[in-house]
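What the coordinates show
So the chains spell out like this:
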Amino acid sequence: MTAAAADGAEARRMAAGFAPDLIISDLQLADSDGIDVVAELRQVLPGVKVVLLTGVNFQASEVDLTFGGVIAAYLPKPARLSQIAQTVKDLIGQSNPSD
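Residues numbered from 1 in each chain as written. Predicted model: local features only at pLDDT ≥ 70, side-chain atom pairs only at ≥ 80, totals over all residues. Heavy atoms only, no water.

1. A short note on the confidence of the model for the protein chain
Predicted coordinates in regions of low pLDDT should not be interpreted in detail. The pLDDT averaged across the protein chain works out to 82; a share of 83% of its residues lies at or above 70. At the low end of the mean pLDDT range in the protein chain sits helix α3 (residues 60-67), at 64; at the high end sits helix α4 (residues 81-93), at 93. (pLDDT = per-residue confidence, 0-100. Helix = DSSP H or I, 4+ residues; strand = E, 2+ residues; numbered from the N terminus.)

2. Brief notes about the pattern of salt bridges
Applying the stated criterion across every chain, the model contains 2 salt bridges. In this structure, arginine 12 and glutamate 40 form a salt bridge, with 2.7 Å as the shortest nitrogen-oxygen distance. Of this pair, arginine 12 sits in helix α1 (residues 8-17) while glutamate 40 sits in helix α2 (residues 34-44), placing them 28 residues apart in sequence. Between lysine 77 and aspartate 26 there is a salt bridge, and its shortest N-O distance comes to 2.6 Å. Residue lysine 77 is found in the loop between β3 (73-76) and α4, and its partner aspartate 26 is found in the loop between β1 (22-25) and α2; the two are separated by 51 residues along the sequence. (Salt bridge = Lys/Arg side-chain N within 4 Å of Asp/Glu carboxyl O.)

What follows is the structure, given as structure tokens:
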């Protein structure tokens with residue numbers, strides 16, 4: 001099952017009734033900072049895997065320092081659909097079957 005939120009407020013509301021295995025979020029949301037939203041969602045959903053898909057370019061070392069422990073993957077825009085699909089497949093394959 002998939003769901004989409006238009007902004008951070010909607011993502012927060014949806015998290016109350018929908019426990020996703022994976023979240024793909026932009027860093028710059030219309031109403032809030034994407035990493036703040038992701039951090040809040042991770043408090044409610046500690047096992048959720050997060051892909052940060054953003055036009056803000058970071059070096060690999062910056063990603064670890066800035067987002068370490070909060071995101072599972074970082075994809076710079078524009079990302080190819082095949083790259084997004086492979087990242088999702090890789091992360092979902094890492095899910096703990098006992099969750």
